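# Breakdown of the fold
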Amino acid sequence: EFYSSIDSLKRLDSIESSLLLSFRKYSEGLEDYISIIRRFMERIKFQHEKAEKDVEDYLGNPINAFTLIERVVRDWMDVNDLLKFEDISQELMDSLTQLRKNSSLPDENELKGAVLGLARLQDIYDIDADDMANGKGYGHPLTWRECLEIATTLIDENRMDLALKWLKQTDRKLQNSQDAKEIKDYFATQIKEHFARVHHTLGDKQKAQQHLNGISEKDSQHSSKLTMKMLNRLMDEKQKYIPFKESDRHRNYARLCQGKSLNRTQLSCHLDSSSHPFFILNPLQIEPMLMDPYIRVYHNLLSDEQITNLFNFASKKFYRSEVIRGPNENEVTEKRVSQQAWVSPEDTPTAAYMYRMVHLITGFNMTNVEKMQVANYGIGGLYVPHYDYMNVSRTLAGLVGDRISTNMFYLSDVIQGGYTIFPELNVYLKPIKGSMVMWPNLHRSVQPDIRTLHAGCPVVKGTKRIANIWTHSGYQDVARPCGLTNDALK
Ligand SMILES: O=C(O)CCC(=O)C(=O)O
Ligand SMILES: [Fe+2]
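Analysis parameters
- Residues numbered from 1 in each chain as written.
- Chains lettered and ligands numbered in written order.
- Predicted model: local features only at pLDDT ≥ 70, side-chain atom pairs only at ≥ 80, totals over all residues.
- Heavy atoms only, no water.
- Near = heavy atom within 4 Å.
- Polar contact = N/O pair within 3.5 Å; in protein donor to acceptor, adjacent residues only side chain to side chain.
- Areas by Shrake-Rupley, 256 points an atom, 1.4 Å probe, with all protein chains shown as cover.
- 1 Å grid on protein atoms, 1.4 Å probe; cavity = no way out; pocket = protein on both sides within 12 Å on 5 of 7 lines; lining within 4 Å.
- Sits in = over half its atoms within 2 Å of the grid points.
- Helix = DSSP H or I, 4+ residues; strand = E, 2+ residues; numbered from the N terminus.
- Nonpolar A, V, L, I, M, F, W, Y, C, P; charged D, E, K, R; others polar.
- Pairing = 2+ DSSP bridges.
- Axes fitted to C-alpha atoms, helices over the stretch in contact; angles between N-to-C directions.
- Salt bridge = Lys/Arg side-chain N within 4 Å of Asp/Glu carboxyl O.
- Buried < 20%, exposed > 50% of the residue type's maximum accessible area, 1.4 Å probe, protein only.
- Donors = N, O, S within 2.8 Å, 3.2 Å for Na, K, Ca; no water.
- Contact = heavy atoms within 4.5 Å.
- Points joined across faces, edges and corners; volume = space filled by probe spheres on them.

## Section: the site of ligand 1
With respect to spatial proximity, 13 residues lie near ligand 1, and among them Tyr377, Thr420, His454, Lys464 and Asn468 are the closest. Between ligand 1 and the protein, one listed contact pairs an oxygen atom with a side-chain N or O atom of His386 at 3.0 Å. Contact distances for ligand 1 include 2.7 Å between an oxygen atom and a side-chain N or O atom of Lys464. In isolation ligand 1 has 290 Å² of accessible area, and contact with the protein removes 99% of it. The cavity where ligand 1 resides is the largest cavity. Looking at the shell around ligand 1, the elements with two or more residues in it are strand 9 (383–386), strand 15 (454–456) and strand 17 (464–472). Here the residues of the shell around ligand 1 sort into 5 nonpolar, 5 polar and 3 charged.

Structure below.
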């Protein structure tokens, strides 16, 4: 899977490199087809060369990441089909087939994942479809084909409100495009049908009819002949359309993701060397975010070299993140779009150092600690509001107790988006490379603290990398004793 992390998109980019190479060889020998193929290559090359300059920076832009997937799923496969009709060199065909077989290229599902990622960004950050389509602030302008891809996926997902905006962009861009008249006519008709469908679903039958009329006048040969009757039937078959509506809860979430918290008392940063003699010469730089529960950030804990060392190890082990579904059962969902790997302190010097830091800062007993979870978010990557505690009586992989504290290291800066937020506590945190945020998930009574609901907001631009170390409540009687009164109901 590619869309859920930037690192795997890099792999896709190198696959694209080899595709380009195969085509370059082929085009040298075949002058007849060269004009069609050259035009196609120019379009891809333009984007690809931009990517070459700084792959990570390029793919950190959601629009670029989307178009890369789109090119591989649609354009490269279309060319493959085109070539089938011709007597082309077997060598090139073979190399394409081979590539497809060996490198598990992205498929329709991935393209859908990428489109839904873009829709998520629009919802949370109030990004206008027109700005996105025209490259305002978000990379390069999209082509009408790309806009159509987004619009049709949104229609399939019943996001008619958003689909309408993307259809308008598709229509406008198609009209202004340099494509052949036949192509333009064909797609203009398709777009009218999509318009009709969307307006009809949104309850505006008059507008739907207008678009259908436009088809019969201009293109009587059109084969799909979508009619009002068919649209009505389509609606009967479908469940009632429920418009996408943002709840207050969603608004609150979006507000914090945008870095707007309600007024709250400013706490001040301070240096601290009291937790361990290790910090006497190099005191901890603490930024308290909230006193109860105590959420604080420790700055400059890791250097760039240490982070590279950790990632060199972890990136070989990444797989799509899951969420816990039930006892011993996990699932992949859109609630958590990222890739992850589990790393032990023995695996790399950086991991060992990070465990040591957590111990020195918290004083927690580390014999009962989980493997570190390293994660990497891709296009629109996020983690919806959740708790880190398990709140189940079973022990997790032989560990005693529940996740008493989360110690989350930020392993990258994020150009835009990707904040960590606490919707119940009115707190947001901007990821800062090398810093670590720490908060308790349990009360002193060791019962879950429901105020610790938190989320990772969607990444808009750039890469978000984090690492979690969860310490467990077993064996912490000395490090964090209960209070004299029960604090479970705070
Ligand atoms: O990505 C974030 O900011 C939060 C991640 C998180 O809560 C988790 O991995 O449990
Ligand atoms: Fe979490």
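The rest of the description comes next.
## So, the sheet that holds strand 12 (residues 420–422)
Spatially, the 4 strands line up as an open sheet ordered 9-15-12-13, and their pairing is antiparallel. Each having just a single partner strand, strand 9 and strand 13 (427–429) make up the two edges of the open sheet. Averaged over all pairs of adjacent strands, the angle between strand axes in this sheet comes to 10°, irrespective of strand direction. In the sheet, strand 12 pairs with strand 15 via 2 bridges, with the strands oriented antiparallel. Its bridge partner being in strand 15, Ile421 is matched across the sheet by Ala455.

## A closer look at the pattern of salt bridges
Per the counting criterion, the structure on display carries 15 salt bridges. A salt bridge links Arg251 to Asp126, with the nearest nitrogen and oxygen atoms 3.6 Å apart. Of the two residues, Arg251 sits in helix 13 (residues 248–257) while Asp126 sits in the loop between helix 6 (108–125) and helix 7 (129–133), which places them 125 residues apart along the sequence. Here Arg251 falls in the partly exposed class, since its relative accessible area comes to 31%. Look at Asp126 and you get partly exposed, because its relative accessible area is 48%. The closest approach of N and O atoms between Arg451 and Asp449, which form a salt bridge, is 2.8 Å. Assigned by exposure class, Arg451 and Asp449 land together as buried. Here the salt bridges share partners, and the residues they tie into one network are Lys10, Glu56 and Arg465.

## Structural notes on the coordination of the iron ion (ligand 2)
With distances of 2.1 Å, the protein atoms coordinating the iron ion (ligand 2) are His386 (NE2), Asp388 (OD) and His454 (NE2). All donors of the iron ion (ligand 2) come from a single chain, and their spacing in sequence reads H-x1-D-x65-H. Taken together, the positions of His386 in strand 9 and His454 in strand 15 put the pair 68 residues apart, joining distant regions of the chain. This pair shows no difference in class: His386 is buried, exactly as His454 is.

## Some words on the sheet that holds strand 17
Taking strand neighbours across the sheet as the criterion, the 9 strands line up as 1-2-3-14-10-17-8-7-4 in an open arrangement whose pairing is antiparallel. At either end of the open sheet lies a strand with only one pairing partner, and these are strand 1 (270–272) and strand 4 (319–320). The strands touched by helix 14 (residues 304–314) within the sheet are strand 7 (339–343), strand 8 (372–377), strand 10 (403–410) and strand 17, with strand 8 carrying the most contacts at an inclination of about 90°. Along the sheet, helix 15 (residues 349–362) makes contact with strand 2 (284–290), strand 3 (295–299), strand 7, strand 8, strand 10, strand 14 (436–440) and strand 17, crossing strand 17 at roughly 55°.

## Digging into empty space enclosed by the protein
Inspection of every chain in the model, using the stated rule, returns 3 cavities of 30 Å³ or more. By volume, the largest cavity is sized at about 140 Å³. Tyr377, Tyr383, His386, Met408 and Ile466 are the residues nearest the centre of the largest cavity, which is lined by 18 residues in total. For the lining of the largest cavity, the elements supplying multiple residues, two or more each, are strand 8, strand 9, strand 10, strand 15 and strand 17. If you tally residues by element for the lining of the largest cavity, the top one is strand 17, at 4 residues. Along the lines of polarity and charge, the residues of the lining of the largest cavity split into 8 nonpolar, 7 polar and 3 charged.

Functional significance is not addressed by these values, which are geometric in nature.
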